[in-house]
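This is what each chain is made of:
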Amino acid sequence: MEQGAKRKSKTEKYCLGGLWVLTGIYGLLCMYLFYMQSVQPLDYNNRYFQSDLPYHISMVIEDGWYYSFTAYLYRLLYFPKSAPTVLIAAVLAAVAAGTVLLTEKLLKKLTHSKETTVFTAAGALLLNFVMPFFWHYAGMYRYVSYQSGNIWHNSTYQCMKAAALAFMLVYLDLEETYKEKLSVNSWLALALLLFLTTGIKPSFLTVFAPVLALRLLWDLCHKIPFKQVFLMGSTVLPACLVMFWQSGVLFGEDTGHGISFQPWYSFSLHADRPKLAVLCSLAFPLVMLLFSFRELRKDRGYLSAWIMAGIGFVEALCLVETGSRARDGNFLWGYSIALFWLYLSSFAKWTKLAGQIREKGKIMYGRAGICLVTGGVLAYQIFCGLLFFGRLLAGETYFMVQ
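About the cut-offs
- Residues numbered from 1 in each chain as written.
- Predicted model: local features only at pLDDT ≥ 70, side-chain atom pairs only at ≥ 80, totals over all residues.
- Heavy atoms only, no water.
- 1 Å grid on protein atoms, 1.4 Å probe; cavity = no way out; pocket = protein on both sides within 12 Å on 5 of 7 lines; lining within 4 Å.
- Points joined across faces, edges and corners; volume = space filled by probe spheres on them.
- Helix = DSSP H or I, 4+ residues; strand = E, 2+ residues; numbered from the N terminus.
- Contact = heavy atoms within 4.5 Å.
- Buried < 20%, exposed > 50% of the residue type's maximum accessible area, 1.4 Å probe, protein only.
- Arc of directions from axis to C-beta.
- Nonpolar A, V, L, I, M, F, W, Y, C, P; charged D, E, K, R; others polar.
- Axes fitted to C-alpha atoms, helices over the stretch in contact; angles between N-to-C directions.
- Parallel < 35°, antiparallel > 145°, perpendicular 65-115°, else oblique.
- Left-handed = near helix turned anticlockwise from the far one by under 90°.
- Phe/Tyr/Trp six-rings, centres within 6.5 Å; stacked < 30°, edge-to-face > 60°.
- Lys NZ or Arg CZ within 6 Å of the ring centre and 35° of its normal.
- Core = buried A, V, L, I, M, F, W, Y, C linked by side-chain atoms within 4.5 Å.
- Salt bridge = Lys/Arg side-chain N within 4 Å of Asp/Glu carboxyl O.
- Patch = residues over 30% accessible without salt bridge, like charges linked within 9 Å, V, L, I, M, F, W, Y side chains within 5 Å.
- Areas by Shrake-Rupley, 256 points an atom, 1.4 Å probe, with all protein chains shown as cover.

S.K.: Help me out: how do you make sense of empty space enclosed by the protein in this one?
M.R.: Gaps left between atoms show up when a probe the size of a water molecule is rolled over them. For the structure shown, the criterion picks out six cavities of 30 Å³ or more. Here the largest cavity defines a volume of roughly 120 Å³. Forming the boundary of the largest cavity are 13 residues, of which Tyr26, Ala96, Trp152, Gln158 and Lys161 lie nearest the centre. The dominant element in the lining of the largest cavity, judged by the number of residues it contributes, is helix α4 (residues 86-110), at four residues.

S.K.: Sorry, what's going on with the environment of Pro41 here?
M.R.: Positionally, Pro41 belongs in the loop between α1 (2-38) and α2 (53-61). Along the backbone, Pro41 and Tyr55 are 14 residues apart, and their C-alpha atoms lie at a distance of 9.1 Å. With near-sequence residues (within four places) excluded, Pro41 lies in contact with Asn46 and Tyr55.

S.K.: Just checking my understanding: could you explain helix α3 (residues 69-77) for this structure?
M.R.: One turn of an α-helix holds 3.6 residues; hence residues three or four places apart share an orientation. Restricting attention to buried positions, one finds in α3 the residues Thr70, Ala71, Tyr74 and Leu77. The buried residues of α3 all sit within an arc of 135° when viewed along its axis, so they share a single face. Where α3 is buried, its residues touch α2, α4, α6 (155-177) and α7 (184-200).

S.K.: Which parts of the structure should I look at to understand the layout of surface pockets?
M.R.: When its volume is computed, the second largest pocket comes out at roughly 540 Å³. Looking at the second largest pocket, it is lined by 25 residues, and the ones nearest its centre are Leu110, His112, Asp299, Gly301 and Tyr302. Looking at the lining of the second largest pocket, the elements that each hand over two or more residues are α4, α6, α8 (203-221), α14 (300-318) and α15 (332-355). In terms of residue class, the lining of the second largest pocket is made up of eleven nonpolar, six polar and eight charged.

S.K.: Would you mind going over the environment of Ala277 with me for this structure?
M.R.: Examined against the element boundaries, Ala277 turns out to sit in helix α12 (residues 274-281). The class for Ala277 is buried, based on a relative accessible area of 0%. Considering only alpha carbons, one finds Ala277 and Met160, 117 residues apart in sequence, at a separation of 25 Å. Filtering out sequence-adjacent residues up to four positions away, Ala277 remains in contact with Ala138, Ser145, Tyr146, Gln147 and Ala271.

S.K.: Whenever I open this one, the packing of α14 against α15 confuses me. Can you help?
M.R.: Two quantities define a packed helix pair, namely the angle between the axes and the distance from one axis to the other. Remark: α14 packs on α15, axes separated minimally by 8 Å, with the N-to-C direction vectors making an angle of 155°. Taken together, the axis directions place α14 and α15 in an arrangement best described as roughly antiparallel. Taken as a pair, α14 and α15 cross one another with a handedness that is left-handed. Contacts between α14 and α15 involve Tyr302, Ala305, Trp306, Met308, Ala309, Gly312, Phe313 and Ala316 from the former and Leu332, Tyr335, Ala338, Trp341, Leu342, Ser345, Ser346 and Lys349 from the latter.

S.K.: What's the story with the packing of aromatic side chains in this structure? I'm lost.
M.R.: For any pair of aromatic rings, the description consists of the separation of the ring centres together with the inter-plane angle of the planes. Taken as a whole and judged by the stated rule, the model has 34 aromatic pairs. When the ring of Phe167 is compared with that of Phe208, the centres are 5.0 Å apart and the planes differ by 85°; the resulting orientation is edge-to-face. Taken together, the residues Phe167 in helix α6 and Phe208 in helix α8 connect sequence positions 41 residues apart. The structure contains a cluster of three or more aromatic residues connected by ring pairs, namely Tyr26, Phe129, Tyr143, Trp152, Phe388, Phe389 and Tyr398. Over the ring of Phe134 we find Arg142; its NZ or CZ atom is 4.2 Å from the centre of that ring. The ring of Tyr137 has Arg273 sitting right over it, with the charged end atom 3.7 Å from the ring centre.

S.K.: Explain the side chain of Ser58 to me, please; I cannot follow it from the model alone.
M.R.: Tracing the backbone through its elements, the reader meets Ser58 in helix α2. Of the residues examined, Ser58 reaches a relative accessible area of 13% and is grouped as buried. Beyond its immediate stretch of four places on either side in the chain, Ser58 contacts Leu42 and Asp63.

S.K.: Looking at this structure, how should I read the nonpolar core?
M.R.: Phe34, Trp152, Tyr171, Phe204 and Trp341 are the most contacted members of the largest nonpolar core, which has 108 residues in total. Those residues in contact with Phe34, other than ones at most four positions away along the chain, are Leu53, Ala89, Leu92, Ala93, Ala96, Trp152 and Gln158.

S.K.: Could you clarify how one ought to interpret the pattern of salt bridges in this entry?
M.R.: Note on pairing: side chains with opposite charge can pair once their charged atoms come close. Scanning the model with the defined rule gives nine salt bridges in all. Linking Asp173 and Lys109 is a salt bridge whose minimum nitrogen-to-oxygen distance equals 2.6 Å. A residue pair is termed long-range when its members are at least 10 positions apart, and Asp173 in helix α6 and Lys109 in helix α4 qualify at 64 residues. Residue classification places Asp173 among the partly exposed positions, given a relative accessible area of 44%. Using a relative accessible area of 29% as the deciding quantity, one classes Lys109 as partly exposed. Among the ionic pairs, Asp299 bridges to Lys349, the shortest N-O distance being 2.9 Å. Placement of Asp299 in the loop between α13 (283-292) and α14 and of Lys349 in helix α15 is noted, with a sequence separation of 50 residues between them. Using a relative accessible area of 27% as the deciding quantity, one classes Asp299 as partly exposed. Judged by its relative accessible area of 9%, Lys349 falls in the buried class. Taken together, the shared-partner salt bridges connect Glu176, Lys179, Asp219 and Arg300 into one network.

S.K.: Help me understand a nonpolar patch on the surface in this model?
M.R.: Residues Val21, Leu22, Ile25 and Leu29 make up a contiguous nonpolar surface patch of roughly 320 Å² in combined accessible area. Structurally, Leu29 is set in helix α1.

Here you go:
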């Protein structure tokens, strides 16, 4: 028995080492992808390594236009004489690999796992490849016909995603303990991370702040001291200040941009059947919800993930920018980060279900069947993501068909 345990431990260490190597390889592949994106010509007809990155860099270097904290980073890392964008690509690649590590820490927390396991490490890596359930009938384009929490063509989203996950890691630690005490250091950590996330891209704040408000209202109604509720709520104030600055830059009077109410506009831009494409984008969380609906009321975190996704969906459904950015679908970014959090929360539910297949030495075939069906849906979506990422590395446009 002792030798078997030692062998198992050694095997697990090798598997974990292999997964960290794969994460490193993923980071290197991302560096290649981001570098190739960064050196593409500023030509909207270009369909080779298509992305927003060269335009974001040009806005800073050529136009001196700053609307995101990443702009200051690009200015710092840009060296015009030799390979000017290589450091930008390297930092973005480090962010992508770091996002996998943050996902693993969050998955460990959501599954109440004390140590990193092969399951949490593999799950974290694969969750960063999940793409929508591709069905040609719903939309012919693997990315733009659907909505996804994993995006490789927009650098501000990639950086916001990492910062948002770091914020959630701290928030989950404090959401219970704040009711008794919220130290100055804890308040600063939460406020600064949300400030950073919003400064990179305000989208996360637009989907998280309403959820936080609802949760704090619930706590207040259940006799949590007003002082503690107020302190927790006040962590969003620095982020709101930076959002006002961004609003002036993006929607000032001289910009020609505004916000209009146009239901289904963004979802209909590239999808053949937008409503079906929305369902395909939510495939794994929906099938998990089907089998864990009773837990929705009991599990506050899982419910919050669905509420956040609902808020993001309504924002993306109804709001559209006016002016030259009307077709950019910029209100989809909040829904995208909410989708990633929902997939992460749903995967945590799936791991719990997988752990309950065997009970008292017997296989529970009903649970095994549910786990197989839901896991099959997730596996197909992971396959879609791996295929999509591989074709991006080959230089294909994100308007790829089939």
